[in-house]
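# What the coordinates show
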Amino acid sequence: MGKLIRGTSKNARFYVVDSKDIVQKAQEIHGCSPTAIAAFGRLLTASLMMGADLKGNDLLTIRIDSDGPLSQIIVTADPKGDVKGYLSNPLADTAPKPDGHPDVSSLIGKGALRIIKDMGLKEPYVGLSTLQTGEIAEDLAYYYYTSEQIPTVIALGISINDDLSVKAAGGYMVQLLPDAEDWFIDKLEEKIKSIRPVTELLEGGMDVQRIVKLLYEDIEDETYEKLVEDYKILDEKEPKYNCNCNKDKFYRGLITLGREQLEDLFSKEDKVETECHFCRTKYEFRKEDFSDILK
Ligand SMILES: [Zn+2]
């Protein structure tokens with residue numbers, strides 16, 4: 001299980017997540033290349049934080065469609081902290097950058113980012129923006145700034161072992177509230193620049209609470225009062241990679257094909273296997289299952 005906390009202070013709201021177990025589960029299901037798991041893991045991690053404010057039956061989907069080898073990634077998050085995702089080419093890979101970091105930007109390429117919030121209204125909210133760097137964190141910050149007018153700092157990090165298992169994964173997101181004070185913005189910028197990458201913090205044994213403390217400690221105003229920006233943790237969740245598919249969903253999906261197509265499908269085989277894109281669970285159907293329709 002992962003760890004996700006969300007909280008607020010006078011000038012900002014924040015989200016911090018340790019998503020190691022979630023990204024590991026995603027890796028076990030999808031068997032990604034080193035660069036693909038970095039991209040996929042970053043998006044899964046972001047969806048946890050972006051979905052942290054959801055309520056009831058809300059659903060958040062982040063979707064990237066691009067012209068690079070990875071082509072498409074989709075992740076969804078719900079208010080319980082269940083996330084799942086799909087990527088079209090998990091084996092696609094690119095050579096690491098000269099500094100050793102995965103070249104996620106080249107794997108993704110140019111394209112579009114969609115944020116879809118289904119909040120039970122007639123139409124879901126769809127925010128669309130152009131990918132800026134393909135590194136994901138910057139692209140999401142750009143989306144927030146241009147589509148929702150929220151200045152946002154996002155850090156996302158995935159590190160993997162030689163056997164492609166996940167060593168550490170997590171991130172943080174800080175969003176300025178309207179009327180955030182200049183001194184806070186300046187200090188926060190300084191702070192973000194000075195702290196080590198999030199994977200290093202997690203590998204060094206820091207938990208999510210400690211990372212929040214790190215983000216806020218020594219943020220002083222111009223009178224140099226210590227910790228003038230008090231923060232409050234609003235809630236804590238243990239998110240997980242979880243797919244809510246079942247056989248009935250796929251059965252209903254097959255029914256929508258109509259009688260002719262179903263007849264065609266079962267004329268060659270007496271059973272049909274479907275596979276869930278998100279969790280790779282296979283469901284098997286036989287001709288008899290559709291006897292009502294195929295009479
Ligand atoms: Zn599934």
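In the block above lies the structure referred to throughout.
For every chain, the first residue of its written sequence is number 1, and the numbers climb from 1 along that sequence. Only residues with pLDDT of at least 70 are given local features in this predicted model, and only at 80 or more are side-chain atom pairs given and counted; all residues enter the totals for whole chains, interfaces and linings. With hydrogens and water set aside, each side-chain value is computed from the structure's full complement of heavy atoms.

Let us look at the pattern of salt bridges. For this document, the term salt bridge refers to a Lys or Arg side-chain nitrogen within 4 Å of an Asp or Glu carboxyl oxygen. According to the stated counting rule, one finds 19 salt bridges in the structure shown. The closest approach of N and O atoms between arginine 252 and aspartate 248, which form a salt bridge, is 3.1 Å. Of the two residues, arginine 252 and aspartate 248 are both situated in helix H8 (residues 247-255); the distance of four residues between them amounts to about one turn of the helix. Note on arginine 252: relative accessible area 46%, which makes it partly exposed. Partly exposed describes any residue whose relative accessible area lies between the buried limit of under 20% and the exposed limit of over 50%, with all areas from a 1.4 Å probe on protein chains only and scaled to the type maximum. On the accessibility criterion, aspartate 248 (42% relative accessible area) is partly exposed. Residue glutamate 284 pairs with arginine 286 through a salt bridge whose shortest N-O separation is 3.6 Å. Connected via shared salt-bridge partners are Arg6, Asp53 and Asp235. Helix and strand definitions follow DSSP, with helices as H or I runs of at least four residues and strands as E runs of at least two, each counted in order from the N terminus.

Here we come to a nonpolar patch on the surface. Like-charged residues within 9 Å of one another, or nonpolar side chains (Val, Leu, Ile, Met, Phe, Trp, Tyr) within 5 Å, are grouped into patches, provided each residue has over 30% relative accessible area and no salt bridge. Using a 1.4 Å probe, accessible areas were evaluated by the Shrake-Rupley method; residue-level cover was limited to the displayed protein chains. On the surface, Met119, Leu121 and Tyr125 cluster together to form a nonpolar patch covering roughly 290 Å² of accessible area. Take tyrosine 125: it is sitting in strand E7 (residues 125-130). Take tyrosine 125: its relative accessible area is 32%, and that puts it in the partly exposed class.

Strand order in this open sheet of five strands is E8-E9-E2-E1-E10, and the pairing throughout is antiparallel. A strand with exactly one partner marks an edge of an open sheet, and here the two such strands are strand E8 (152-160) and strand E10 (231-237). Strand-to-strand, the axes of this sheet are offset by a mean angle of 10°, without reference to chain direction. Strand pairing requires that DSSP identify at least two bridges connecting the strands. Across six bridges, strand E1 (residues 3-9) lies against E10 in antiparallel orientation. Looking across to E10, one finds that glycine 7 is bridged to isoleucine 233. Here, two residues are considered to be in contact whenever any of their heavy atoms come within 4.5 Å of each other. All axes are obtained by fitting lines to C-alpha atoms, using only the stretch in contact for helices, and the reported angles, taken between N-to-C directions, cover 0 to 180 degrees. Across the sheet, helix H2 (residues 34-50) touches E1, strand E2 (12-18), E8 and strand E9 (166-176), and the angle it forms with E8 is around 140°.

Moving on, we get to the coordination of the zinc ion. Around the zinc ion, the protein supplies Cys243 (SG), Cys245 (SG), Cys276 (SG) and Cys279 (SG) as donor atoms, at distances of 2.2 to 2.4 Å. The coordination sphere of the zinc ion comprises four donor atoms, whose angles at the metal cover 101 to 116°; the geometry is tetrahedral. The donor set comprises N, O and S atoms within 2.8 Å of the metal, extended to 3.2 Å for Na, K and Ca; water molecules are omitted, so apparent gaps in a site may simply reflect that omission. Each donor residue of the zinc ion belongs to the same chain, with the gaps between them written as C-x1-C-x30-C-x2-C. Neither cysteine 276 nor cysteine 279 differs from the other in exposure class; each is buried. Just to be clear on the cut-offs, tetrahedral is four donors with all angles between 85 and 135 degrees, square planar is four donors and octahedral six with opposite donors over 155 degrees apart and all others between 65 and 115, and anything else goes down as irregular.

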